[in-house]
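A structural walkthrough
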Amino acid sequence: MIVLNGDDNPLHRIMKASKQKIKEIEEETVIQEIANAIGDRRIKDLSDITTNVELTDGWSTVIEYLISASRTQYSVPIGYAHPRVMVEPLKFREVVFELLGCSGLEPIPEPTEELLLGTISADSSVDAIRLLLDTVTESAENQVANGDTLFFDVYNSGHRIPTNLAIAIEMAQTQIITLVDVVRQRNSLLIEDLWYTELGRIALANLGVLGRTISSEQYELVLSVIQVSPTIKDKLQRSKKDITSNNPFDKPSLSPHYADLLDFIINHNTEGLRTLGSKHSVPTLNHLLRSAIDEYKATESSQSYRALLSSIRDHISIRMLESAIILDEMTYEKNPRIVTPAIGALGNYYHSSIVNVLINTICTTRIAKVRESALVSLKNIKYRCPETRAIVENTLSSDCKNSSALRRFYRENWKSY
């Protein structure tokens, strides 16, 4: 009689293969959930997912899943050329840095995957975060010391940058702008050096400046908003020369993604900005969306309307909550063709503040189409924003002119009211 060992037993082999397949499917599901959370910038959900993975499989598996998610597609709203897109590289970097407590220091040269792999042997997420912050801080200190301060963000109150480094970055960003030359070229001014300083870049992007040359009038406007002292503004005012001086300003050597990002911001390359997915795109996209709104109001042409919708989708692709400010402004427009797509776009921002915006629209609008659009967006948000139910309940307990629509929504989605 022949006795089969485990590996020779057909039933055992089938069960082993089945278990392996189930494990692979479970892993793929979790990686997809991570990619979706990153694509939507749902940091809290991402933190919950990675915490569960760490508890069950250890920190090294979290790193493996994060890296796999960076090469994974996630779903995007209707209206894009494709229903799914790859997780954008700078969005991935910004979300991972925020998740691991290093937000604001993303411009260091080390690739994201390399930084993650540097923590793979850590015993826990706490140790990994400490290790990563040490690595990132040291790299940032070297970069700032070499005069490269572009895209370092110490102005966000939520950052966890060590105090000494944050002070050093602020001082360096202020010092570097004093070295700028603004060169006259016939009837325009060459401002390329200004683009390569972070304070200058912020001012130029916020004003929607396009290109590397501007008029004297535009330059005066830039000086009026740039966040520097009156003394430095006076120096920038006097820096206009007919030729470049011999001052020590050197353009920083940016890593490839950040070099592309700066170029896309300067040239208003929206396709490039979408591809990278960086939070730094928002000021440029704000300007372009406002221009698209004005153009549509002036012409009401189908071409200008398509441009308006495309500009809204640009904001959704970046998925920064700051974009919701201009989308909220659009909900107060009188033309439903402007209001409705803005409300639809807000349904892709999973935050309690957006729930309040949508409920306010539901309660105040007299236009049924606008109200229905807000209800659809609210339904989309409620799946990923658990605070939605409590906010709806509080509203129904207070004053809402269209409470019947909101009450019906509550009954359909939760329980009788």
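Right, let's walk through the structure included here. (Residues numbered from 1 in each chain as written. Predicted model: local features only at pLDDT ≥ 70, side-chain atom pairs only at ≥ 80, totals over all residues. Heavy atoms only, no water.)

Brief notes about the packing of aromatic side chains
Heads up, the condition is: Think of it this way: a Phe, Tyr or Trp ring, Trp meaning its six-membered ring, pairs with another when their centres are within 6.5 Å, and the plane angle makes it stacked under 30 degrees, edge-to-face over 60, tilted otherwise. Each helix is a run of DSSP H or I of at least 4 residues and each strand a run of E of at least 2, with the numbering of both proceeding from the N terminus. Think of it in three bands: with a 1.4 Å probe and only protein chains considered, a residue is buried below 20% of the maximum accessible area for its type, exposed above 50%, and partly exposed in between.
Enumeration according to the criterion identifies 4 aromatic pairs in this entry. Residues Phe151 and Tyr258 carry aromatic rings whose centres are separated by 5.4 Å and whose planes lie at 45 degrees to one another, so their mutual orientation is tilted. In this pair, Phe151 is assigned in the loop between helix H6 (125–145) and helix H7 (163–177) and Tyr258 in helix H12 (residues 256–266), connecting sequence segments 107 residues apart. The residues Phe151 and Tyr258 share a single accessibility class, namely buried.

Notes on the pairing of strand S3 (residues 182–185)
Counted only if it meets this: In short, DSSP must find at least two bridges between two strands for them to pair.
Across 3 bridges, the pairing between S3 and strand S4 (residues 188–190) is antiparallel. Among the inter-strand pairings, Val183 is bridged to a residue of S4, identified as Leu190. What sits between the antiparallel neighbours S3 and S4 is a turn of 2 residues, in which Arg186 has the positive phi angle 55 degrees.

Quick word on the environment of Lys382
Looking at where Lys382 falls in the secondary structure, it is placed in helix H19 (residues 368–382). Taking the C-alpha atoms as reference points, Lys382 and Ser352, 30 residues apart in sequence, are found 9.4 Å from one another.

Focus on the pattern of salt bridges
Definition in use: Salt bridges are defined by distance alone: a side-chain nitrogen of Lys or Arg within 4 Å of a carboxyl oxygen of Asp or Glu.
Counting across every chain of the model gives 19 salt bridges. Among the ionic pairs, Asp40 bridges to Arg42, the shortest N-O distance being 3.1 Å. When its relative accessible area of 7% is taken as the criterion, Asp40 is described as buried. Here Arg42 falls in the buried class, since its relative accessible area comes to 11%. Glu329 serves as the salt-bridge partner of Arg290, at 3.1 Å between the closest nitrogen and oxygen. Taken together, the residues Arg290 in helix H14 (residues 282–299) and Glu329 in helix H16 (residues 323–330) connect sequence positions 39 residues apart. On the basis of relative accessibility, which here comes to 37%, the residue Arg290 falls in the partly exposed class. Using a relative accessible area of 39% as the deciding quantity, one classes Glu329 as partly exposed. Among the charged side chains, a network of salt bridges with common partners joins Asp40, Arg42, Asp45, Arg319 and Arg384.

Side note on the layout of surface pockets
Quick note on the threshold: Both cavities and pockets are sets of points on a 1 Å grid over the protein atoms alone; in a cavity a 1.4 Å probe fits but cannot get out, in a pocket the set is open with protein on both sides within 12 Å along at least five of seven lines, and lining residues sit with an atom within 4 Å of a point. Grid points are joined across faces, edges and corners, and a volume is the space filled by probe spheres set on the points. Put simply, Ala, Val, Leu, Ile, Met, Phe, Trp, Tyr, Cys and Pro go in the nonpolar bin, Asp, Glu, Lys and Arg in the charged bin, and everything else, Gly too, in the polar bin.
Taken as a whole, the largest pocket spans an internal volume of roughly 1,400 Å³. Around the largest pocket, the lining is made up of 49 residues, and of these Glu98, Asn156, Met320, Leu321 and Glu322 lie nearest the centre. Taken together, the elements giving at least two residues each to the lining of the largest pocket come down to helix H2 (43–57), helix H4 (89–99), helix H9 (198–206) and H14. The dominant element in the lining of the largest pocket, judged by the number of residues it contributes, is H9, at 6 residues. Split by residue class, the lining of the largest pocket holds 20 nonpolar, 12 polar and 17 charged. In terms of lining, the second largest pocket is formed by 22 residues, of which the most central are Tyr80, Val85, Arg274, Thr275 and Ser317. Sorting the residues of the lining of the second largest pocket by element identifies strand S2 (84–86), helix H13 (270–276) and helix H15 (302–318) as the ones contributing at least two each. Element by element, the count of residues in the lining of the second largest pocket is highest for H15, at 5 residues.

Here's the deal with helix H18 (residues 352–364)
Let me state the cut-off plainly: To estimate how far a helix should extend, the number of its residues minus one is multiplied by 1.5 Å.
Spanning 13 residues, H18 covers 18 Å between terminal C-alpha atoms, matching the ideal 18 Å at 1.5 Å per step. When we look at burial in H18, the residues that qualify are Ile354, Val355, Val357, Leu358, Ile359, Thr361, Ile362 and Cys363.

Things to note about unusual backbone geometry
Phi is positive for Arg41, close to 55 degrees, though the residue is something other than glycine. With respect to the helices and strands, Arg41 occurs in the loop between helix H1 (10–39) and H2. Arg41 gets classed as buried once you look at its relative accessible area, which sits at 14%. Despite not being glycine, Glu300 shows a phi value in the positive range, around 50 degrees. Inspection of the secondary structure puts Glu300 in the loop between H14 and H15.

So, the nonpolar core
The line we're drawing: To define a nonpolar core, start from buried Ala, Val, Leu, Ile, Met, Phe, Trp, Tyr and Cys residues and group those joined through side-chain atoms within 4.5 Å. Here a residue-residue contact requires only that any non-hydrogen atoms of the pair lie within 4.5 Å.
Membership of the largest hydrophobic core comes to 85 residues, with the highest contact counts inside it found for Ile38, Leu308, Leu327, Met330, Leu378 and Leu406. Those residues within four positions of Leu378 in sequence are excluded, and the remaining contacts are Val355, Leu358, Ile359, Ile362, Thr388, Val392, Leu406 and Phe409. Ile177, Val182, Leu199 and Ile232 belong to the second largest nonpolar core, which has 37 residues in total.

Notes on helix H3 (residues 59–69)
Taken across its 11 residues, H3 has 8 buried, putting it largely inside the fold. Those residues of H3 that sit buried are Trp59, Thr61, Val62, Ile63, Tyr65, Leu66, Ile67 and Ala69.

Description of the state of the cysteines
What counts here: When two cysteine sulfur atoms are found within 2.5 Å, that pair is recorded as a disulfide.
Tallying each qualifying case throughout the model produces 1 disulfide. The residue that forms a disulfide with Cys363 is Cys400, at a sulfur-sulfur distance of 2.1 Å. Here the disulfide of Cys363 and Cys400 is left-handed, its torsion about the S-S bond being about -100 degrees. Of this pair, Cys363 sits in helix H18 while Cys400 sits in the loop between helix H20 (387–396) and helix H21 (403–413), and the two are 37 residues apart along the sequence. Cys363 sits in the buried class, given a relative accessible area of 8%. Accessibility expressed as a relative area gives 7% for Cys400, which makes it buried. Its sulfur unpaired, Cys385 is 17 Å from the next cysteine sulfur, which belongs to Cys363.

Honestly, that's just the spatial picture; any functional story needs more than this.
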